[in-house]
Amino acid sequence: MEIIICPDSLEASELAARIVARTVREKPHAVLGLATGNTPLQLYRNLVRMHRENGLDFGGVTSFNLDEYVGIPPAHPSSFHSYMWAHLFSSLNIPRERINIPDGMTTDIPAACRKYEQAIRSAGGVDIQVLGIGMNGHIGFNEPSSSLSSRTRIKTLTEETRSDAAAAFGGEDAVPNHVLTMGLGTIMDSKMCLLLAFGKKKARSVALAAEGPVTSMVPGSVLQMHPRAIFVLDDEAADELKMADYYRWVDQHKPDWQKY
Ligand code: PGA
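Here the structure is a predicted model, which is why all the values come from computation and not from measurement.

Basis of the calculations
Residues numbered from 1 in each chain as written. Predicted model: local features only at pLDDT ≥ 70, side-chain atom pairs only at ≥ 80, totals over all residues. Heavy atoms only, no water. Axes fitted to C-alpha atoms, helices over the stretch in contact; angles between N-to-C directions. Helix = DSSP H or I, 4+ residues; strand = E, 2+ residues; numbered from the N terminus. Parallel < 35°, antiparallel > 145°, perpendicular 65-115°, else oblique. Contact = heavy atoms within 4.5 Å. Nonpolar A, V, L, I, M, F, W, Y, C, P; charged D, E, K, R; others polar. Salt bridge = Lys/Arg side-chain N within 4 Å of Asp/Glu carboxyl O. Buried < 20%, exposed > 50% of the residue type's maximum accessible area, 1.4 Å probe, protein only.

S.K.: Tell me what's going on with the packing of helix α2 (residues 41-54) against helix α3 (residues 80-87), and back it up with residues and numbers.
M.R.: Running from amino to carboxyl end, α2 crosses α3 at an angle of 40 degrees, the nearest separation of the two axes being 10 Å. One way to sum up the angle between α2 and α3 is to call them oblique. Contacts between α2 and α3 involve L41, Y44 and V48 from the former and Y83, M84 and H87 from the latter. Looking at the contact of α2 with α3, its residues break down into 5 nonpolar, 1 polar and no charged.

See below:
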């Protein structure tokens, strides 16, 4: 696991964009795993800027989103479909037919989940998976107690997660109970995982995920078992890391060829 601590979320999002852009430049047919939430917003702005100003080409890219709410139509303003089109897809040239988001309106959930897994495999697997982390340690919508080898499936949200989403739905009662989410096993199959976390409220879950025991009670901790997981944090989100000074030292003394 590599942990990079940046002074603020703007610098962290610049670095994250360089990492994603490098993947796309090196592999024009890259498969991107994408996340929603507040955390990746600046990363997405940076990718749009790189596309517009530097010609970063997404024409060969395929994307798979982590999750979607069950029973929320794509056009709903709080669906993850709407989020992705508003913040990324309408400003990039990823071909529409190669954009994949779980179908929260499906009438056959197990079949839709199997099909999603199959589509990821057929695309050659995810090259780089962007992740946020919840205050309860979830990645995707894999809530605490999720199997560490889970695949894409239906999950029931915790009360904490539903309360976090309340503002987007105009009240907690309107937040769906159920979601479709890539599993922890699905995420672990990605060739690289890029987890972003910003702000003091993430400090505890980041420290538990990076330095605590690997446990389904902190789903993000499974990334300790991933051969290529990078955490890009701001100072505040790194606040409870025991080895923060060591991570900073490592980053400052990297040989040039290891820099992003
Ligand atoms: P956030 O959500 O980016 O809005 O903080 C992250 C998450 O819950 O996974």
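So that's the structure; there's more coming.
S.K.: Just give me the short version of the pattern of salt bridges, but keep the residues and values in it.
M.R.: Within this structure, the stated rule accounts for 13 salt bridges. A salt bridge links R151 to E117, with the shortest nitrogen-to-oxygen separation between them at 2.9 Å. Of the two residues, R151 is situated in the loop between β6 (128-131) and β7 (153-156) and E117 in helix α4 (residues 109-122); the sequence distance between them amounts to 34 residues. A residue is classified by how much of its surface remains accessible, and R151, at 33% relative accessible area, is partly exposed. Classification of E117 as buried rests on a relative accessible area of 7%. Between E240 and K200 there is a salt bridge, with the nearest N and O atoms lying 3.6 Å from each other.

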